[in-house]
Amino acid sequence: MTFAYGWRSLARLSRAEWTKFRTVRGWVLGMAVAVLVTVGLGLFSASGSHSSCGGPSDVCPAVPLGPGGEAVDDKFFFVHRTLDGDGSITVRVTSLTGRIRLPDATPGVRRVVPGVEPWAKAGVMIKDGTRQGAAYAALMVTGRHGVRMQHDFVHDTAGGRSGVSQAAPRWLRLTRAGDELTGYESADGTRWAKVGTARPAGLPAAVQVGLFAACPGDLTVRQADLGGAVAALRFAEATAAFDHVAVRGGTSGGSWRDDDIGAEREPGGAIHHPGGATRAGGVFTVTGNGDIAPRTDGQMVEKTLSGLLAGLIVVIVVAVVFVTAEYRRGLIRTTLLAGPRRGRTLTAKAVVIAAVTFAAGVAAAGVTVPLGAHILRANGDYLLPVGPLTDLRVVAGTAALLAVTAVLALALGTVFRRSAVAITGAIALVVLPRILATTSVLPVDASRWLLRVTPAAGFALQQSVPAYPQVTAFYSPQAGYYPLAPWAGFAVSCGYAVLALALAALVLRRRDA
Amino acid sequence: MRGEATIEVNGLRKRFGPTLALDGMSFTVRPGRVTGFVGPNGAGKSTTMRVVLGLDAADEGTALVGGRPYRSLREPLRHVGALLDAAALQPSRSARGHLLWLAHSQGLGARRVDEVIEQVGLRSAARRKAGGFSLGMRQRLGIAAALLGDPPVLMLDEPVNGLDPEGVIWIRGLLRSLAAQGRAVLVSSHLMGELQGTADHLIVVGRGRVIADTGVTELIAAVSRGRVAVRTPEPERAMRTLARAGATVTVSGSDALAVSRSETFAASGNGPLTVSGGEAFAVSGGEAFAVSGGDLLTVSGLPGERIVALLTADSVPFSEVVAQRATLEEAYLELTRDAVEFHAGTGREAVR
């Protein structure tokens, strides 16, 4: 048998399987139902979700977007001056301290304790002005993650691991040469080690250079009584002391200015949780709260696909019956007469059910995601913006997940030859872990474990907003964060499908028809 | 016609648990004739067919179609057309849809599908769901599927099953014409009568092996063993005369002959043919259907012409001399008696 014949034969058998599929109205209708259920439930739940920000106008404040188009938090205290063209800033950080507000023990009496958040950060920054979301690069010391160089909200490079204290201060230097910014650190101000380089997007000639402090809220996660977890974020702030502050380059004699970037104003006009800075004898003390990071507070587009599980069950049923109906009627013999190379015949069946479900998935997600997002926005919900490629990945990934699950179901149908067993098996392997992991039934670790080792791992393809290790948030499956990267999760699902198909081919070859 | 129109089965053995389903099954099906594949239920017909078609694997032996194993055939339906189980249909798929996917699997188009639909007379039902088909219509659809690839070899398992008389006549004509086109046609049945008038050659199986592989004519002659029935009002004289000439004569009683095909030598005209009043003697196209009156003797060892001559010479009256031809059914029962007895028995022998 030649290679070319093998392909031609597979093409013919696939065409035959497609003819088989489309000539049974129930199966075609089943696919249509899967699409409609996914779209219908998704849009229904989207239309039931409303948000408002209160206040007299009930208009939510605009969320700043970073240079990459992602929603960002950009709130910190900035002591800065203008730098024109190339130059550098050098400082010595002598302390990083902080305060955390705990739940009130006595109502109305604030309970604030000293403490430094792990991701409390203070250091030097070069930023394209003071607008929230503007491009920047910053070199910083952190509460518990050593020296970091970060830029444009999502990028993070680790430097030395040591913390900072009066006894062991840390020198930081950020230089600009053209579009490239380079960060250095030093223990003594003479021997410098490079931390990293950054090219913030579209940095103009004149930028703001200076000192900053920020501190994300204090996150506590408590195990809930019935599985799941409750996360709470409390106010925290950080204070850093700098000396040996030196700015080189075109500063044109301007003076230092203080800016509470992204400060929220209360109805009376006062700043809610203000930061601050003092200068005395060459020592700068800067206090800030908030974070300079991609935003995690908002809905994700894939939430519109809540109806997918119902659609998936329908897809599983159709994919299983696509083969078990042949066993039930004895038609499998006719199929194997037409295609006696059984592995190839099974492959053709898998190709067709995968293609059909992929098309159905594209139709379902392609309608649900944009339409559901539109409904959510119209209802006042804030959707974390993602790029068109991510939208495409969510839609195509949903379709791919359906296709892979259909292949798994088909393989189980071939192995078991009974609809009930195969359908139950496929649901137990794919749908059940996903339900258990994303509802607050299991502890978070168990949920993450399920989403790593079961075929439900492929749902990671739907996650539109990544989890950032440098951003404090509770990245639980319940919140839509999967333990595996999208393509890694998909690879797990594909692995199961391929294994099951190989087993089915083996069984089919060995068994008398 | 593509490929060689033969089926060669050689030494097939297959065991299902404790049961030996095939026990050295060997035969060859040749082109240009209809080969009947008969045997009692459980004799291994269907298993053999499934092995030939690559559906079941034999423990031992080979089965070749046109010189090659079925599983190695490219576009197998263009080499072999098979009807195994007419009920094997997706009920919600139309007849045309069923044939269409089969056609697509072999690189054939919708035109060929419409041709075979026409050929089996299903045009008016082609777009109806196969689930609503009668058994006869399903058989026609199954035959259409077998004919789809215009194959040189056809294997049909019990194709007459469920067909109305008109359908039976149609399929007999179809099988004969397919064989006349030079194809090898293997038709299985557990009822020999179904093959009468259709099959040219017979493979009789029992207990998973071939009992007889012979032409239909030869088989009947062998089973008949040259017996002649003689009806006479004077049986004792007749017996004396015939025994003197070396024949073996037994008295069969006075029952009417009930044979479907038999030839009579009686109406030669020159003998003292005595017909008593009121006795019926019906001759129609050389076939005697019902005769009564007088005793019936069964004579073996002498041909019919000689018996007539001897009785005439001795002036023994007789009303009928019939060369007894066994029916296929009788021949079959004779051949398979052992096999059936075996199957009705304890089955102890199967585990040897």
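Residues numbered from 1 in each chain as written. Chains lettered and ligands numbered in written order. Predicted model: local features only at pLDDT ≥ 70, side-chain atom pairs only at ≥ 80, totals over all residues. Heavy atoms only, no water.

Student: An account of the sheet that holds strand 2 (residues 19-29) of chain B is needed here, citing residue identities and associated values.
Tutor: Residues and elements named next belong to chain B. Taken together, the three strands give an open sheet; going across it, the order is 2-1-4, and neighbouring strands pair in antiparallel fashion. On the outer flanks of this sheet lie strand 2 and strand 4 (60-65), each paired with one strand and no other. Recorded for the sheet is a direction-independent mean angle of 20 degrees between the axes of neighbouring strands. Here strand 1 (residues 7-16) runs beside strand 4; their pairing, made up of five bridges, is antiparallel. (Pairing = 2+ DSSP bridges. Helix = DSSP H or I, 4+ residues; strand = E, 2+ residues; numbered from the N terminus. Axes fitted to C-alpha atoms, helices over the stretch in contact; angles between N-to-C directions.)

Student: Can you break down the interface of chain A and chain B residue by residue, with the values?
Tutor: Buried accessible area, meaning the area lost when the parts come together, often serves as the stated size of an interface. Residue-level contacts link 32 residues of chain A with 34 residues of chain B. Of the roughly 2,900 Å² buried where chain A meets chain B, counting both sides, 56% is carbon and sulfur surface. Per-residue buried area on chain A facing chain B is highest for Arg12, Arg329 and Leu337 of chain A; these three make up 22% of the total on that side. Two residues, Asp512 of chain A and Lys14 of chain B, come together in a salt bridge whose shortest N-O distance is 2.7 Å. Here chain A is connected to chain B by 12 residue pairs in polar contact (both at pLDDT 80 or more). Elements supplying a minimum of two residues to the side of chain A that touches chain B: helix 1 (3-22), helix 2 (25-47), helix 3 (308-329) and helix 4 (331-338) of chain A. (Contact = heavy atoms within 4.5 Å. Buried area = accessible area lost by both parts, 1.4 Å probe. Salt bridge = Lys/Arg side-chain N within 4 Å of Asp/Glu carboxyl O. Polar contact = N/O pair within 3.5 Å; in protein donor to acceptor, adjacent residues only side chain to side chain.)

Student: Which residues make up the sheet that holds strand 8 (residues 201-206) of chain B, and what values go with them?
Tutor: Residues and elements named next belong to chain B. Reading across the sheet, the six strands line up as 5-6-7-3-8-9 and stay open at both edges, with mixed pairing between neighbours. Whereas interior strands pair on both sides, the edge strands pair on one side only; in this sheet they are strand 5 (80-83) and strand 9 (209-215). Across this sheet, the average inter-strand angle for adjacent strands is 15 degrees, counted without regard to direction. Strand direction decides the pairing type here: strand 3 (residues 33-38) and strand 7 (residues 184-189), joined by six bridges, are parallel. Along strand 7, the bridge assignment pairs Arg33 with Ala184. In this fold helix 4 (residues 135-147) packs onto strand 5 and strand 6 (153-157), with an angle of close to 165 degrees to the strand it touches most, strand 5.

Student: Account for the packing of aromatic side chains, naming residues and giving values.
Tutor: When we look at a pair of aromatic rings, we describe it by the centre distance and by the angle of the planes. Applying the stated criterion to the full structure yields 12 aromatic pairs over all chains. Taken together, a centroid distance of 6.3 Å and an interplanar angle of 15 degrees make the contact between Trp18 of chain A and Phe21 of chain A stacked. Taken together, the residues Trp18 of chain A and Phe21 of chain A, both in helix 1 and three residues apart, mark about one turn of the helix. The class for Trp18 of chain A is partly exposed, based on a relative accessible area of 40%. On the basis of relative accessible area, Phe21 of chain A is assigned to the buried category, the value being 2%. Measuring from centroid to centroid gives 6.1 Å for Trp487 of chain A and Phe490 of chain A, while their planes differ by 80 degrees, and the two rings are edge-to-face. Of this pair, Trp487 of chain A and Phe490 of chain A both sit in helix 9 (residues 486-510), three residues apart, which is roughly one turn of the helix. Taking the relative accessible area as the measure of exposure, Trp487 of chain A reaches 55% and is therefore exposed. Aromatic rings pair up to connect Trp18, Phe21, Trp27 and Phe322 of chain A into one cluster. Between the NZ or CZ atom of Lys20 of chain A and the centre of the ring of Trp101 of chain B, over which it lies, the distance is 4.1 Å. Note that Arg434 of chain A overlies the ring of Phe459 of chain A, its terminal NZ or CZ placed 4.6 Å from the centroid. (Phe/Tyr/Trp six-rings, centres within 6.5 Å; stacked < 30°, edge-to-face > 60°. Buried < 20%, exposed > 50% of the residue type's maximum accessible area, 1.4 Å probe, protein only. Lys NZ or Arg CZ within 6 Å of the ring centre and 35° of its normal.)

Student: Describe helix 1 (residues 45-52) of chain B, naming the residues involved and giving the relevant values.
Tutor: Each turn of an α-helix holds 3.6 residues, which means side chains three or four residues apart point in the same direction. Here helix 1 of chain B lies mainly inside the structure; seven of its eight residues are buried. At the C-terminal side of helix 1 of chain B, Gly54 of chain B shows a positive phi close to 75 degrees.

Student: Which residues make up the pattern of salt bridges, and what values go with them?
Tutor: Pairing between side chains becomes possible if they bear opposite charge and their charged atoms approach one another. Applying the stated criterion to the full structure yields 30 salt bridges over all chains. A salt bridge links Arg12 of chain A to Glu75 of chain B; the shortest N-O distance between them is 2.2 Å. Here Arg12 of chain A is found in helix 1, whereas its partner Glu75 of chain B is found in the loop between strand 4 and strand 5 on a different chain. Between Glu118 of chain B and Arg123 of chain B there is a salt bridge, and its shortest N-O distance comes to 3.6 Å.

Student: Summarise the domain arrangement of chain A; cite the residues concerned and give the values.
Tutor: All names here are of chain A. Domain parsing of chain A yields domain 1 (72-294) and domain 2 (299-510). Relative to domain 2, the C-alpha centre of domain 1 lies at a distance of 42 Å. If you look at the interface, domain 1 gives 19 residues, while domain 2 gives 13 residues. Summed over both sides, the interface between domain 1 and domain 2 buries roughly 1,100 Å², with carbon and sulfur atoms accounting for 64% of that surface. (Domains from an automatic or database assignment.)

Student: Outline helix 5 (residues 165-180) of chain B, listing residues and values.
Tutor: All names here are of chain B. Taking 1.5 Å as the rise per residue, helix 5 with 16 residues should run 22 Å; its terminal C-alpha atoms sit 23 Å apart, in good agreement. The set of residues buried in helix 5 consists of Gly167, Val168, Ile171, Leu174, Leu175, Leu178 and Ala179. Each buried residue of helix 5 sits inside an arc of 130 degrees when the element is viewed along its axis, so together they form one side. Residues of helix 5 that are exposed and point over 90 degrees away from its buried face: Pro165, Glu166, Ile169 and Ala180. The elements touched by buried residues of helix 5 are strand 3, helix 3 (110-119), helix 4, strand 6 and strand 7. (Expected span 1.5 Å × (residues − 1). Arc of directions from axis to C-beta.)

Student: Describe in detail the side chain of Thr48 of chain B, supporting the description with residues and values.
Tutor: Inspection of the secondary structure assignment puts Thr48 of chain B in helix 1. The contact partners of Thr48 of chain B, leaving out residues within four places of it in the chain, are Val9, Leu12, Leu22, Met25, Phe27 and Phe37 of chain B.

Student: Report on the confidence of the model for chain B, specifying residues and quantitative values.
Tutor: Residue and element names in this part refer to chain B. Looking at chain B, the pLDDT average stands at 81 and 82% of residues meet or exceed 70. Low confidence marks residues 254-292, where pLDDT is under 50. Its contacts with residues over four positions away, or in another chain, come to 73 contacts. Within the model, the stretch residues 341-352 combines pLDDT values under 50 with 13 contacts to residues more than four positions away or in other chains. (pLDDT = per-residue confidence, 0-100.)

Student: Quick one: what's the story with the pairing of strand 18 (residues 276-280) of chain A, residue by residue and with numbers?
Tutor: Pairing of strand 18 of chain A with strand 19 (residues 283-288) of chain A involves five bridges; the strand directions are antiparallel. Considered in strand 19 of chain A, the bridge of Arg279 of chain A is made with Phe284 of chain A.

Student: Before we move on, can you summarise the packing of helix 1 of chain A against helix 2 of chain A with the specific residues and values?
Tutor: Pairs of packed helices are described in terms of their axes, by the angle between the two and the distance that separates them. Residues and elements named next belong to chain A. Between helix 1 and helix 2, the shortest axis-to-axis distance is 6 Å and the interhelical angle comes to 80 degrees. The angle between helix 1 and helix 2 places the two elements in the roughly perpendicular class. Contact residues: Lys20, Phe21 and Arg22 in helix 1; Trp27, Val28 and Met31 in helix 2. (Parallel < 35°, antiparallel > 145°, perpendicular 65-115°, else oblique.)

Student: Outline the pairing of strand 19 of chain A, listing residues and values.
Tutor: Residues and elements named next belong to chain A. Of the strand pairs in this sheet, strand 14 (residues 236-250) and strand 19 are connected by five bridges, and their pairing is antiparallel. The residue bridging Phe242 from the neighbouring strand is Phe284, located in strand 19. Linkage of strand 18 to strand 19, two consecutive antiparallel strands, is achieved through a turn of two residues, within which Gly281 is found at a positive phi near 55 degrees.

Student: Any chance you could break down unusual backbone geometry for me, citing the residues and the numbers?
Tutor: Note on backbone geometry: most residues besides glycine have negative phi, and most peptide bonds are trans. All names here are of chain B. In the Ramachandran plot, Asp150 falls in the positive-phi region, its phi being about 50 degrees despite a non-glycine side chain. Secondary-structure assignment places Asp150 in the loop between helix 4 and strand 6. Asp150 sits in the partly exposed class, given a relative accessible area of 35%.

Student: How would you sum up a positive patch on the surface? Please name residues and give values.
Tutor: Judged by side-chain charge, Arg8 and Arg341 of chain A together with Arg68 and Arg74 of chain B come together as a positively charged surface patch. Tracing the sequence through the fold places Arg341 of chain A in the loop between helix 4 and helix 5 (342-378). Residue classification places Arg341 of chain A among the partly exposed positions, given a relative accessible area of 36%. (Patch = residues over 30% accessible without salt bridge, like charges linked within 9 Å, V, L, I, M, F, W, Y side chains within 5 Å. Areas by Shrake-Rupley, 256 points an atom, 1.4 Å probe, with all protein chains shown as cover. Lys, Arg positive; Asp, Glu negative; His and termini not counted. Charge placed at Lys NZ, Arg CZ, Asp CG, Glu CD.)

Student: Can you tell me about a nonpolar patch on the surface, naming the residues and giving the values?
Tutor: Residues and elements named next belong to chain A. Together, Leu429, Trp449, Val453 and Tyr496 give the surface a local cluster of nonpolar side chains, amounting to about 350 Å² of exposed area. Assignment of secondary structure puts Val453 in helix 8 (residues 444-453). For Val453, a relative accessible area of 33% corresponds to the partly exposed category.

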